[in-house]
Structures are given as structure tokens and as C-alpha cells.
Amino acid sequence: MRVELQPAFVLHRRDFRNSSLIVEAFTPGFGRIGMVARGVRRPRSEKNALLQSFRPLLISWTGKGELYTLTNVEAAQFVNPVTGSAYASCFYLNELVMRLLQRDDAHKEVYALYQQALQDIQTAPSATATERVLRLFEKQLLQELGYGLMLECEADSGQALDADGEYCYEPEYGPVLRSIGRPASGVMVSGQSLLSLARHELADARSLRDSKRLMRAVLREYLGDKPLQSRMLYTQARP
């Protein structure tokens, strides 16, 4: 197989042998792919500087099997380097895509969501705005992968959620109206927060707070116990 100038973002890279890299890239037409970038760490190679995360690229590759061979890479457009807390947030997006998507499984909708989230994080006017971008990306990512959340009706009865109600959200079941005598085994959230997430609003502090706790619990079901490196970056990026 030979592919020419496919839009892509680098999700991860690591050294391979003396002068090469193994690159995990995300493309709209082929999904997440693994490639060997041969000789790019040599002093005169221009590809090494291009193969950085969060930069829109055009890449070409050839081969078959689990690892392809990178043949060319070009910058699709100029972007400013991502730094500070924005870097940690963008790195978090990369980790989610790396951990939740299988190789060679195209997800054009997820690619579009990822590309938009990168742009929104870099232009976010505040930490609160960035948190909103992350929560909506998490929610939409799970939905596109077939793990969509129940956010507008009760899991037990199927009735519409009450914005003034308090619910216990069980990740594998859904929201259950909080009641005396019933043990709480999930995440306590307000009905308003669930509806706000469903409508892509998240315009108040409580909804953002509840959504963060909810999404962390739900993602744990799919990510497992292996810690995310982006959490450490967040800590280091704090003033």
C-alpha cells in the first residue's frame, strides 16, 4: 500500500534504533497508524522538526502490517508552538485517542472533533473555557466510539431527567434518582449538570464540576488503571 499526502497529526513518537523514530499518527482516512520514520534523527534531517505533536501535517507512507514506513512529511499549515497548560490539555487529547482508538480503524468524525478541540484549546480565553472544551470532547468521543452516555432520561424508568433532581450516575447503567435507603455506587450529579452536558452548554461552575467527575469515572471504565501522563503535566504547568 502506498498513501500520498494524507492529513495527519502526530499523537506520539519514540526513538527507534540509532537514528529513527516510531511515530503514531492520526489521520481522517486511515485512523491511527504506526510508522517507522527511518533516519529522521540524523543531524541533517528536516523531518524530525516536522514530526511534532499538534501540528497539521501531510504525510506519505508505504508498506503493510502493523508498522508502515514513512516516506514524506510536509507542514499543512503554520501554527504557533503549544506551551504551558494548553500543552497539557492537548497532550491529554492525544492520550485519549491513543488509548481508545485501535490502529487502522478510520474515524473521520473523531478526527474532526480532535482537530477542532486542538484549535479551541489554543484559543480558549480562560481555564474554564478549556475545561468546557475537554468535557465536550470526552463526551463526543465516547459517543462516536459507541459508548454514548445516557444524559436526558433516568436509567430505571426512562423518564426525562428533572433539572432540579439529584442523581447517582452509574457508569455502566446511567443516572438513577437519588433516594433514601438506596446505596450510592456511582457519581453524584445534578440533573441540570447532566442536561447541560447533553446540550453542550456547561455554562456554570456546578455543571463543569459535575461533568469532570462524571467523565473521569466513565473514562476509567475504558482506560483502565494505567495513569495518564497528562495529569502530571497539568500539575507541572500550574503556576
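For the structure, check the block above.
Residues numbered from 1 in each chain as written. Predicted model: local features only at pLDDT ≥ 70, side-chain atom pairs only at ≥ 80, totals over all residues. Heavy atoms only, no water.

(A) Molecular detail of the overall build of the protein chain. Within the protein chain, the regular secondary structure consists of seven helices and eight strands. C-alpha extents for the protein chain along the principal axes are approximately 70 × 40 × 30 Å. The buried share of the protein chain, taken over its 239 residues, is 43%. Within the protein chain, counting contacts between residues at least 6 apart in sequence, those at least 24 apart form 57% of the total. Within the structure as shown, the protein chain displays about 12,800 Å² of accessible surface, and the carbon and sulfur contribution to it stands at 47%. Distance from the positive charge centre (30 side chains) to the negative charge centre (27 side chains) of the protein chain: 10 Å. (Helix = DSSP H or I, 4+ residues; strand = E, 2+ residues; numbered from the N terminus. Buried < 20%, exposed > 50% of the residue type's maximum accessible area, 1.4 Å probe, protein only. Contact = heavy atoms within 4.5 Å. Areas by Shrake-Rupley, 256 points an atom, 1.4 Å probe, with all protein chains shown as cover. Lys, Arg positive; Asp, Glu negative; His and termini not counted. Charge placed at Lys NZ, Arg CZ, Asp CG, Glu CD.)

(B) How the structure looks around the packing of helix H2 (residues 84-100) against helix H4 (residues 127-144). The interhelical angle for the contact between H2 and H4, taken along N-to-C directions, is 10°, at an axis separation of 11 Å. Between H2 and H4, the interaxial angle falls into the category roughly parallel. Residues Ser89, Tyr92, Leu93, Leu96, Val97 and Leu100 of H2 pack against Thr130, Leu134, Arg135, Phe137, Glu138, Leu141 and Leu142 of H4. In terms of residue class, the contact of H2 with H4 is built from nine nonpolar, two polar and two charged. (Axes fitted to C-alpha atoms, helices over the stretch in contact; angles between N-to-C directions. Parallel < 35°, antiparallel > 145°, perpendicular 65-115°, else oblique. Nonpolar A, V, L, I, M, F, W, Y, C, P; charged D, E, K, R; others polar.)

(C) Structural view of the packing of aromatic side chains. Under the counting rule described, the total for this entry stands at nine aromatic pairs. Look at Phe9 and Tyr111: their rings are 5.9 Å apart centre to centre, the planes differ by 45°, and that puts the pair in the tilted class. Placement of the pair is Phe9 in strand S1 (residues 2-16) and Tyr111 in helix H3 (residues 108-123), with a sequence separation of 102 residues. Taking the relative accessible area as the measure of exposure, Phe9 reaches 3% and is therefore buried. Judged by its relative accessible area of 6%, Tyr111 is buried. Ring centres of Phe9 and Tyr114 lie 5.4 Å apart, and the angle between their planes is 75°; on these two criteria the pair is classed as edge-to-face. With Phe9 in strand S1 and Tyr114 in helix H3, this residue pair connects regions lying 105 residues apart in the sequence. (Phe/Tyr/Trp six-rings, centres within 6.5 Å; stacked < 30°, edge-to-face > 60°.)

(D) View of the sheet that holds S1. With respect to topology, five strands assemble into a closed barrel ordered S1-S2-S3-S5-S4, the strand pairing being mixed. Strand-to-strand twist of the sheet, defined as the mean angle between neighbouring strand axes without regard to direction, takes the value 55°. Inspection of the sheet shows strand S3 (residues 31-37) paired to strand S5 (residues 67-75) by three bridges, in the parallel sense. Note on S5: the bridge partner recorded for Val36 is Thr69. The strands that H2 touches are S1, strand S2 (20-27) and S3; relative to S1, the one it contacts most, it runs at about 100°. (Pairing = 2+ DSSP bridges.)

(E) Quick peek at the environment of Tyr114. Among the residues examined, Tyr114 registers a relative accessible area of 0% and is labelled buried. For the pair Tyr114 and Val97, spaced 17 residues apart in sequence, the C-alpha to C-alpha distance is 8.6 Å. Filtering out sequence-adjacent residues up to four positions away, Tyr114 remains in contact with Phe9, Leu11, Phe26, Phe54, Leu93, Asn94, Val97 and Phe137.

(F) Main features of helix H5 (residues 191-198). Along H5, six of the eight residues are buried, which leaves the element largely enclosed by surrounding structure. Among the residues making up H5, those that are buried are Gly191, Ser193, Leu194, Leu195, Ser196 and Leu197. As for H5, its buried residues are in contact with H4, strand S6 (166-170), strand S7 (174-177), strand S8 (187-190) and helix H6 (205-223). Just beyond H5, the residue with positive phi is His200, at close to 60°.

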